[in-house]
Amino acid sequence: EAAVTQSPRNKVTVTGGNVTLSCRQTNSHNYMYWYRQDTGHGLRLIHYSYGAGNLQIGDVPDGYKATRTTQEDFFLLLELASPSQTSLYFCASSDALYAEQFFGPGTRLTVL
Amino acid sequence: GDSVTQTEGQVALSEEDFLTIHCNYSASGYPALFWYVQYPGEGPQFLFRASRDKEKGSSRGFEATYNKETTSFHLQKASVQESDSAVYYCALGPLTGNYKYVFGAGTRLKVIA
């Protein structure tokens, strides 16, 4: 069973703050994804990666950076957080194209 | 661009009712189609997928058939239970030229005992 963990599970910051969300998967999957989940919008892709050092831009990338340091670890960075980035963030991984994605438990971020 | 439309934002049913959640897609190429389920406080979980026209995917009593002609992948279950209460997401991917997936807005199912 693929395992994806995220930390922190909850985070509160202020406008202009610096936030890093962490994701780790333990099955050496090649593909990793960051999504945000908002009512009425479902899951929207922020950034994704197919291996260490690789980064691809998703559909809603503005205000976000990402870094894939190892096969297991994928980070999402908000360098100047804004209230519009208040959301529930999910990380996911998969081992191949057309394969299912395994999601982490989510990080709830509140920007005051 | 590529997109997934789930017609129903919320569905309320009684136990043993028949469920249909509509999913229509627009995509270039020939994407795989997925259904995911999300229970409160958890991340989405893969339910099943279909990869070609007329293929049926199924799991846990849920099923859907890939229909290229009508660009649809409607989720059905013959008899829902209270434990099926969750949010259901239809998704497509990977997209031609990359490995992105596109999710619908989700449908919240509430089953009343």
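Scroll up to find the structure.
Residues numbered from 1 in each chain as written. Chains lettered and ligands numbered in written order. Predicted model: local features only at pLDDT ≥ 70, side-chain atom pairs only at ≥ 80, totals over all residues. Heavy atoms only, no water.

1. Points about the pattern of salt bridges
All names here are of chain A. The cut-off we apply is this: What makes a salt bridge here is a side-chain nitrogen of Lys or Arg within 4 Å of a carboxyl oxygen of Asp or Glu, nothing more. Put simply, DSSP H or I for four residues or longer makes a helix, DSSP E for two residues or longer makes a strand, and each gets a number counted from the N terminus. Note on classification: 1.4 Å probe, protein chains only; a residue is buried when its accessible area is under 20% of the maximum for its type, exposed when over 50%, partly exposed between these limits.
Under the definition given, this model contains ten salt bridges over all chains. Aspartate 73 serves as the salt-bridge partner of arginine 24, at 2.8 Å between the closest nitrogen and oxygen. With a gap of 49 residues between them, arginine 24 in strand β3 (residues 19-25) and aspartate 73 in strand β8 (residues 73-78) connect regions that are remote in the sequence. Taking the relative accessible area as the measure of exposure, arginine 24 reaches 43% and is therefore partly exposed.

2. Here we look at the interface of chain B and chain A
Selection rule: Two residues qualify as a contact provided that any one of their heavy atoms is within 4.5 Å of a heavy atom in the partner residue. By convention, the term buried area covers the 1.4 Å-probe accessible surface removed from two parts as they join, with the contributions of both added. Pairs of N or O atoms within 3.5 Å make up the polar contacts considered here, provided that, within protein, one atom can donate a hydrogen while the other can accept it, and that residues adjacent in sequence are counted only when both atoms are side-chain atoms. Residues are sorted three ways: Asp, Glu, Lys and Arg are charged, Ala, Val, Leu, Ile, Met, Phe, Trp, Tyr, Cys and Pro are nonpolar, and all the rest, Gly among them, are polar.
The partner chain A presents 26 residues to the 20 residues of chain B that form the contact. For the pair chain B and chain A, the summed buried surface comes to about 1900 Å²; carbon and sulfur atoms form 57% of the total. Counting across the interface, chain B meets chain A through two salt bridges. Notably, a salt bridge pairs A:Glu100 with B:Arg49, separated by 3.2 Å at the nearest N-O pair. Inspection of the region where chain B meets chain A yields eight residue pairs in polar contact (both at pLDDT 80 or more). For the side of chain B that touches chain A, the element with the most residues is strand β5 (residues 32-38) of chain B, which contributes four residues. Class assignment of the residues belonging to the side of chain B that touches chain A gives a composition of eleven nonpolar, six polar and three charged.

3. Re a nonpolar patch on the surface
Operational definition: Residues enter a patch when their relative accessible area is above 30% and they make no salt bridge; the linking distance is 9 Å between like charges and 5 Å between nonpolar side chains (Val, Leu, Ile, Met, Phe, Trp, Tyr). Exposure was quantified through the Shrake-Rupley algorithm and a 1.4 Å probe, taking into account, for residues, occlusion by the shown protein chains and nothing else.
The grouping of A:Val12, A:Val14 and A:Leu112 at the surface amounts to a nonpolar patch, some 300 Å² of accessible area in total. Relative to the helices and strands, A:Val14 is located in the loop between β2 (10-13) and β3.

4. Remarks on the nonpolar core
All names here are of chain B. Heads up, the rule is: Nonpolar cores are built from buried Ala, Val, Leu, Ile, Met, Phe, Trp, Tyr and Cys residues. Side-chain atoms within 4.5 Å join them into one set.
Grouped together as the largest cluster of nonpolar side chains are 27 residues, with contacts concentrated most on Leu19, Trp35, Leu47, Phe48, Phe73, Leu75 and Tyr88. When residues of this core are traced back to their parent elements, those giving at least two are β2 (10-14), β3 (19-21), β4 (23-26), β5, β6 (45-50), β8 (62-65), β10 (86-93) and β12 (107-112). Excluding residues that lie within four positions of it along the chain, phenylalanine 73 makes contacts with Cys23, Leu33, Phe34, Trp35, Phe48, Arg49, Ala50, Ala64, Thr65, Tyr66 and Cys90.

Without other data, these values stay purely geometric and don't point to any function.
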